[in-house]
Amino acid sequence: MISSEELTHLNWYEGRAPRADEVGIVQVGNSWRVYSTDERANAIYDTTYENEDTALGDFLPRLRATNRYFAMRENRLGR
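Residues numbered from 1 in each chain as written. Predicted model: local features only at pLDDT ≥ 70, side-chain atom pairs only at ≥ 80, totals over all residues. Heavy atoms only, no water.

**Topic: the pairing of strand S2 (residues 23-28)**
- Judged from the three bridges that link them, strand S1 (residues 10-12) and S2 form a sheet pairing that is parallel. Following the sheet pairing, tryptophan 12 is matched in S2 by isoleucine 25.
- Inspection of the sheet shows S2 paired to strand S3 (residues 31-37) by six bridges, in the antiparallel sense. Along S3, the bridge assignment pairs glycine 24 with tyrosine 35.
- Connecting S2 to the antiparallel partner S3 that follows it, the hairpin turn spans two residues, and glycine 29 within it adopts a positive phi of roughly 65 degrees. (Pairing = 2+ DSSP bridges. Helix = DSSP H or I, 4+ residues; strand = E, 2+ residues; numbered from the N terminus.)

Shown next, in the form of structure tokens:
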């Protein structure tokens, strides 16, 4: 879905620090963390799930919404 929908602004199970304006899903031990960050890479949403399917169910809609926001922003700025 991520590649077919050309979704960007994400951390897909990468073992790195969160970056600005992204939605992430990472495994932490036996749980999955879903987060989103602002322009300063501060977490504006951060929750942990015990079930990967539930985490993905939270991650994908957030990622799609973030990508819609950036597409609208680029459109408004004429880029």
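**Quick look at the sheet that holds S2**
- Ordered by their spatial adjacency, four strands build an open sheet running S1-S2-S3-S4, and the pairing between neighbours is mixed. Two strands bound the open sheet, and with one partner strand each, they are S1 and strand S4 (43-49). Put simply, the sheet's adjacent strands are angled 20 degrees from each other on average, direction ignored.
- Note that S3 and S4 share six bridges and pair antiparallel. Looking across to S4, one finds that tryptophan 32 is bridged to tyrosine 49.
- Relative to S2, helix H1 (residues 52-77) is tilted by about 160 degrees, and along the sheet it contacts S1, S2, S3 and S4. (Axes fitted to C-alpha atoms, helices over the stretch in contact; angles between N-to-C directions. Contact = heavy atoms within 4.5 Å.)

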